[in-house]
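Given next are the chains, with one letter for each unit.
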Amino acid sequence: MGHKPNTETPASALHLSLLQQITGSASVSSDSLVYSYKRSFNGFAARLTDAEKDKLSGMEGVVSVFPNGKKQLHTTKSWAYVGLPEKVVKRSAESDIIIGVLDTGIWPESESFSDEGFGPPPQKWKGSCSSGSNFHCNNKIVGARIYRSAGKRDTQGHGSHTASTAAGNFVAKASMEGLGKGTARGGVPSARIAVYKICWSEGCYDADVLAAFDDAISDGVDIISISIGGTKAYDYFTDATAIGSYHAMKHGILTSVSAGNEGPELGTVTNVAPWLLSVAAITVDRKFVTKVKLGNGRVFKGTSINTFDHGGKMYPVVYGGNAPNSTGGFNASMDCSSNTLSKKRVKGRIVLCDSVNSGEGPAAAGAAGSIMLAQEQQLVASNFPLPASTVSGSDEISRYVMEKSNRNPTATIFRTVEKKSEASRIVPWFSSRGPNAITPNILKPDIAAPGVDILAAYSRGKTVTGIEGDKRVVSYNILSGTSMACPHATGAAALVKSFHPNWSPAALRSALMTTASPVSRDQNPDAEFAYGAGLINLKKAANPGLIYDAREHDYVEFLCGQGYNATEIKLVTSKAVDCSDVGKKIHAWNLNYPSFTLSGKPEGTVKRVFRRTVTNVGKGHSKYKAKVISSKELKIKVNPKVLRFKDVGETISFRVTVKAKLKQSGIISGVLVWSDGSHKVRSPVVAHTLQ
């Protein structure tokens with residue numbers, strides 16, 4: 001129902017009144033109400049029939065009615081990789097930053113959440129801690145709220161992992177049973193954490209997401225981190241994350257979100273609203289190698305997180321396709337999926353599988369281990385509930401195991417070792433790609449951050465994999481996903497905000513995007529659709545030189561340009577706007593965004609003039625010159641080519657004319673760089689074919 005109303009009548013009473021009008025009964029309306037969103041914006045969640053939903057949709061004051069959709073959950077070395085040294089001077093400004101983490105909860109006993117050396121929370125904090133017999137907040141975890149059912153403690157591990165990545169305290173010699181050993185830390189170790197448990201084993205529901213946003217905004221958080229998303233992008237007014245983050249933006253709070261794990265197909269990025277920061281995953285220069293040795297002496301390098309140790313003992317090997325669970329109705333089990341393997345044929349043996357799986361099938365069948373064959377090089381190391389390694393690019397293992405003359409094939413799987421990887425700054429297959437399905441002329445994802453093989457705090461209320469038979473309980477786990485990338489960007493944004501507490505959410509995003517490190521297109525053929533503006537760079541982010549700022553009125557005019565009507569926009573934003581007035585509309589390409597995107601029909605030529613305004617946040621007297629890097633298919637002209645500033649805070653506008661000859665499909669890209677000799681303000685320029 002949009003912005004928080006200015007009325008003395010309690011919002012919950014207004015919500016019940018609306019429900020009574022459509023149900024015809026006060027008692028029924030009271031029973032159907034699930035949440036009243038009333039602290040930061042206006043709305044409610046209720047149990048309705050389809051007929052009641054339709055009736056409610058047409059009522060005055062209602063912006064949108066949408067189903068209570070379910071979202072999915074989408075970290076030692078990674079901070080150093082993006083320019084943050086291990087030894088830093090603690091700053092009091094960091095301890096004033098409060099990061100709201102909307103996730104699966106938190107494991108408060110973790111060393112990453114120790115409040116040793118912390119003073120009381122900042123006076124601006126208005127939240128609460130729903131402490132219980134087994135959960136208590138401290139001066140590090142300053143708040144905790146629960147949605148849907150009882151229990152704030154993290155029993156999934158995901159929330160502890162993301163929270164510690166963003167703002168975990170320094171923990172020396174942290175590792176997962178010796179792997180990834182080093183000093184674990186968040187981007188802002190001195191920052192406070194407020195926990196909002198919205199996710200459970202079955203997922204994260206929109207009603208809970210909105211309730212958490214409502215509370216977090218009112219509680220006084222500075223940054224919101226939410227590593228969840230659907231399987232596709234939704235219209236802004238029917239997407240709980242887009243709605244919640246809009247109201248956060250109104251209150252000066254940046255929302256950092258994961259881009260999604262629906263890759264590698266194009267157009268799969270799920271969190272795309274222009275007022276939030278959408279984060280892709282990228283590799284660092286570390287890999288985990290798990291060797292496999294065959295009975296013939298041949299050794300193969302695979303990939304996994306294997307803390308088990310065969311001790312060099314050779315085990316008999318059986319091919320999963322020759323060991324089906326026939327009593328269960330299976331004739332073959334090449335992929336070794338759950339319940340498809342014969343316990344009699346597999347128990348005590350290493351099972352060879354034709355594809356990568358969770359390991360649940362081999363573990364349930366009593367296998368001594370599993371060798372999983374992969375078609376391509378594995379950038380992501382996974383945990384399995386038994387000794388396992390994924391091996392790519394070799395048929396030799398299959399030939400050895402299934403050769404008729406070799407009646408007793410054997411193998412052993414070694415414990416994982418950590419190695420330096422040359423395959424760094426590569427966006428993995430799972431990370432969702434652009435283009436933006438809702439607004440094609442706004443580039444998403446915005447930026448990339450470490451999201452592969454990340455070591456961070458974990459819940460001791462769950463085993464390493466959560467799969468039956470896995471008995472390992474660890475304080476730190478190694479996980480991958482855009483869920484791991486998001487809190488890196490969150491921590492980076494929080495660090496910048498600690499230097500510039502009055503910067504808007506758009507200014508913080510701009511600082512991260514325009515100072516990002518370049519990423520190789522040769523290694524990432526989807527280019528900016530995969531990594532946005534590039535890899536976050538903490539050495540430069542707090543001193544960007546120039547910023548592309550945007551305020552609520554810019555987004556209001558953007559929404560006008562997107563076809564939303566004045567009534568809808570006023571309800572959401574409280575701003576009266578005449579969308580029929582051309583001057584009150586901003587086309588997507590003219591939103592003051594730190595990237596430039598245009599789209600058109602296949603094999604056509606498209607031309608567009610972009611208007612941008614930059615604010616000087618560097619030196620008072622400075623001169624920035626424009627430099628363009630592009631291909632012959634992409635012509636970029638900048639006017640003026642030189643920006644001369646006299647004062648800090650001064651703004652100057654310029655135009656960029658882009659002409660592109662589009663291909664049948666895909667992306668053409670270049671870069672606009674404004675430089676004064678000490679700052680390089682980089683913005684991607686992207687032209688793409690409409691899907």
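- An unreviewed UniProt entry lists the protein chain under the name Cucumisin, with Linum tenue as the source organism.
- Taken verbatim from the UniProt record of the protein chain, the Sequence similarities (unreviewed entry) comment is "Belongs to the peptidase S8 family."
- On record in UniProt, under Subcellular location (unreviewed entry), the comment for the protein chain is "Secreted".

## Considerations on the overall build of the protein chain
Link 1 in the chain: Within the protein chain, the regular secondary structure consists of 16 helices and 34 strands.
Link 2 in the chain: Relative to the 2.2 N^0.38 estimate, which gives 26 Å for 691 residues, the radius of gyration of the protein chain is 26 Å and therefore close to what a compact globule would have.
Link 3 in the chain: The principal-axis extents of the C-alpha atoms in the protein chain amount to approximately 80 × 70 × 55 Å.
Link 4 in the chain: When the accessible surface of the protein chain is totalled, it reaches about 27,400 Å², and 48% of it is carbon and sulfur.

## A closer look at the pairing of strand 6 (residues 171–176)
Link 1 in the chain: The pairing of strand 6 with strand 7 (residues 179–184) spans 3 bridges and is antiparallel. Within strand 7, the residue paired with methionine 176 across the bridge is leucine 179.
Link 2 in the chain: Between strand 6 and strand 7, which pair antiparallel one after the other, the connecting turn spans 2 residues, and glutamate 177 there sits at a positive phi close to 50°.

## Quick notes on the pattern of salt bridges
Link 1 in the chain: This model, assessed by the stated rule, comprises 13 salt bridges.
Link 2 in the chain: For the salt bridge of aspartate 222 with lysine 124, the shortest nitrogen-to-oxygen distance reads 2.7 Å. Taken together, the residues span a long stretch of sequence, with aspartate 222 in the loop between helix 7 (206–219) and strand 11 (223–226) and lysine 124 in the loop between strand 4 (98–103) and strand 5 (141–146) at a distance of 98 residues.
Link 3 in the chain: Lysine 444 serves as the salt-bridge partner of aspartate 446, at 2.7 Å between the closest nitrogen and oxygen. Lysine 444 carries the same exposure label as aspartate 446, and that label is buried.
Link 4 in the chain: One network of salt bridges, with partners in common, ties together Arg39, Arg145, Asp215 and Asp219.

## Focus: the sheet that holds strand 3 (residues 70–73)
Link 1 in the chain: Spatially, 4 strands are ordered 9-10-3-12 in an open sheet, and the strand pairing comes out antiparallel. Looking at the sheet topology across the chains shown, the edges are occupied by strand 9 (199–200) and strand 12 (228–229).

## Things to note about unusual backbone geometry
Link 1 in the chain: Residue glycine 263 is joined to proline 264 through a cis peptide bond whose omega torsion reads 10°.
Link 2 in the chain: Among the structural elements, proline 264 can be located in the loop between strand 13 (254–258) and strand 14 (277–282).
Link 3 in the chain: You will see that asparagine 339, though not glycine, has its phi angle at about 70°, which is positive.
Link 4 in the chain: The residue asparagine 339 is located in the loop between strand 17 (315–319) and helix 9 (343–346) in this model.

## Observations concerning a positive patch on the surface
Link 1 in the chain: Residues Lys287, Lys291, Lys301 and Lys419 make up a contiguous surface patch of positive charge.
Link 2 in the chain: In this structure, lysine 301 sits in strand 16 (residues 299–303).
Link 3 in the chain: Take lysine 301: its relative accessible area is 63%, and that puts it in the exposed class.

## Quick word on the state of the cysteines
Link 1 in the chain: The final tally for this structure, using the stated rule, is 4 disulfides.
Link 2 in the chain: Covalent S-S linkage joins cysteine 129 and cysteine 137, the inter-sulfur distance amounting to 2.0 Å. The chirality of the disulfide connecting cysteine 129 with cysteine 137 is right-handed, given an S-S dihedral of about 90°.
Link 3 in the chain: Under the relative-accessibility criterion, cysteine 129 is labelled partly exposed at 25%.
Link 4 in the chain: Shown here for the protein chain is a disulfide pattern of 1-2, 3-4, 5-6, 7-8, where each number marks a bonded cysteine counted in sequence order.
Link 5 in the chain: As a non-bridged cysteine, cysteine 486 has cysteine 199 as the owner of its nearest cysteine sulfur, 12 Å distant.
Link 6 in the chain: Under the relative-accessibility criterion, cysteine 486 is labelled buried at 0%.

## Re the packing of aromatic side chains
Link 1 in the chain: For the coordinates displayed, the defined rule picks out 14 aromatic pairs.
Link 2 in the chain: Summarising the aromatic geometry, the rings of tryptophan 275 and tyrosine 555 are spaced 5.9 Å apart at their centres and angled 85° between planes, so their arrangement reads as edge-to-face. Residue tryptophan 275 is found in the loop between strand 13 and strand 14, and its partner tyrosine 555 is found in helix 15 (residues 552–561); the two are separated by 280 residues along the sequence. Of the two residues, tryptophan 275 and tyrosine 555, neither departs from the other in class, the shared state being buried.
Link 3 in the chain: The interplanar angle of 85° and the centroid separation of 5.5 Å between the aromatic rings of phenylalanine 596 and phenylalanine 610 together place this pair among those described as edge-to-face. In this pair, phenylalanine 596 sits in strand 27 (residues 596–600) while phenylalanine 610 sits in strand 28 (residues 605–616), placing the two residues 14 residues apart along the sequence.
Link 4 in the chain: Of the residues examined, phenylalanine 596 reaches a relative accessible area of 0% and is grouped as buried.
Link 5 in the chain: Members of the aromatic cluster, each reached through a chain of ring pairs, are Tyr236, Tyr246, Trp275, Tyr555 and Phe558.
Link 6 in the chain: Its guanidinium or amino end placed over the ring of tryptophan 200, lysine 197 lies 4.3 Å from that ring's centre, counting from NZ or CZ.
Link 7 in the chain: Against the face of tryptophan 589 rests arginine 608, its NZ or CZ located 3.9 Å from the ring centre.

## Side note on helix 8 (residues 240–250)
Link 1 in the chain: With 10 of 11 residues buried, helix 8 lies mostly within the body of the structure.
Link 2 in the chain: Among the residues of helix 8, those classed as buried are Ala240, Thr241, Ala242, Ile243, Gly244, Ser245, Tyr246, His247, Ala248 and Met249.
Link 3 in the chain: Looking at the buried side of helix 8, the elements it contacts are helix 7, strand 11, strand 13, helix 13 (505–514), helix 15 and helix 16 (566–573).
Link 4 in the chain: Among the residues of helix 8, the N-terminal cap falls to aspartate 239, whose side-chain oxygen and the backbone nitrogen of threonine 241 are separated by 3.1 Å.

## Some words on the packing of helix 1 (residues 11–23) against helix 3 (residues 50–57)
Link 1 in the chain: Packing of helix 1 against helix 3 leaves a shortest axis separation of 9 Å and a crossing angle of 125°. Our classification of the angle between helix 1 and helix 3 gives oblique. For the pair helix 1 and helix 3, the sense of crossing is right-handed. Packed against helix 1, whose contacting residues are Gln21, Ile22 and Thr23, the element helix 3 presents Glu52, Lys55 and Leu56 at the interface.

## Quick notes on the layout of surface pockets
It is a probe the size of a water molecule, rolled over the atoms, that shows where empty space is left.
Link 1 in the chain: One number sums up the size of the second largest pocket: a volume of about 740 Å³.
Link 2 in the chain: Lining of the second largest pocket is provided by 33 residues; of these, Phe44, Ala45, Ala46, Val65 and Phe66 occupy positions nearest its centre.
Link 3 in the chain: Elements with a contribution of two residues or more to the lining of the second largest pocket: strand 1 (33–37), strand 2 (43–46), helix 3, helix 7 and helix 8.
Link 4 in the chain: Classifying every residue of the lining of the second largest pocket by side-chain character gives 20 nonpolar, 7 polar and 6 charged.

## Here's the deal with the UniProt feature "active site" (unreviewed entry) in the protein chain
Link 1 in the chain: What UniProt calls "active site" (unreviewed entry) maps, in this numbering, to Asp103, His158 and Ser483. In sequence the annotated residues extend across 381 residues, while in space they remain close, none of their C-alpha pairs exceeding 10.0 Å.
Link 2 in the chain: Mapped onto the elements of the fold, aspartate 103 is located in strand 4.
Link 3 in the chain: In this structure aspartate 103 comes out as buried when scored by relative accessible area, which is 1%.
Link 4 in the chain: Excluding its chain neighbours within four sequence positions, the residues that come into contact with aspartate 103 are Leu73, His158, Gly159, Thr162, Tyr196, Lys197, Ile198, Cys199 and Ser227.
Link 5 in the chain: Relative to the elements of secondary structure, serine 483 occurs in helix 12 (residues 482–499).
Link 6 in the chain: Residues within four places of serine 483 in sequence aside, it is in contact with Leu73, His74, His158, Thr162, Ser227 and Ser258.
Link 7 in the chain: A polar contact is formed between the side chain of serine 483 and the side chain of histidine 158, at a distance of 2.9 Å.

The rules behind the values
Residues numbered from 1 in each chain as written. Predicted model: local features only at pLDDT ≥ 70, side-chain atom pairs only at ≥ 80, totals over all residues. Heavy atoms only, no water. UniProt positions renumbered as here; feature names shortened; annotations may be inferred. Helix = DSSP H or I, 4+ residues; strand = E, 2+ residues; numbered from the N terminus. Rg over C-alpha atoms; globule rule 2.2 N^0.38 Å. Areas by Shrake-Rupley, 256 points an atom, 1.4 Å probe, with all protein chains shown as cover. Pairing = 2+ DSSP bridges. Salt bridge = Lys/Arg side-chain N within 4 Å of Asp/Glu carboxyl O. Buried < 20%, exposed > 50% of the residue type's maximum accessible area, 1.4 Å probe, protein only. Patch = residues over 30% accessible without salt bridge, like charges linked within 9 Å, V, L, I, M, F, W, Y side chains within 5 Å. Lys, Arg positive; Asp, Glu negative; His and termini not counted. Charge placed at Lys NZ, Arg CZ, Asp CG, Glu CD. Disulfide = S-S within 2.5 Å. Phe/Tyr/Trp six-rings, centres within 6.5 Å; stacked < 30°, edge-to-face > 60°. Lys NZ or Arg CZ within 6 Å of the ring centre and 35° of its normal. Contact = heavy atoms within 4.5 Å. Polar contact = N/O pair within 3.5 Å; in protein donor to acceptor, adjacent residues only side chain to side chain. Axes fitted to C-alpha atoms, helices over the stretch in contact; angles between N-to-C directions. Parallel < 35°, antiparallel > 145°, perpendicular 65-115°, else oblique. Left-handed = near helix turned anticlockwise from the far one by under 90°. 1 Å grid on protein atoms, 1.4 Å probe; cavity = no way out; pocket = protein on both sides within 12 Å on 5 of 7 lines; lining within 4 Å. Points joined across faces, edges and corners; volume = space filled by probe spheres on them. Nonpolar A, V, L, I, M, F, W, Y, C, P; charged D, E, K, R; others polar.

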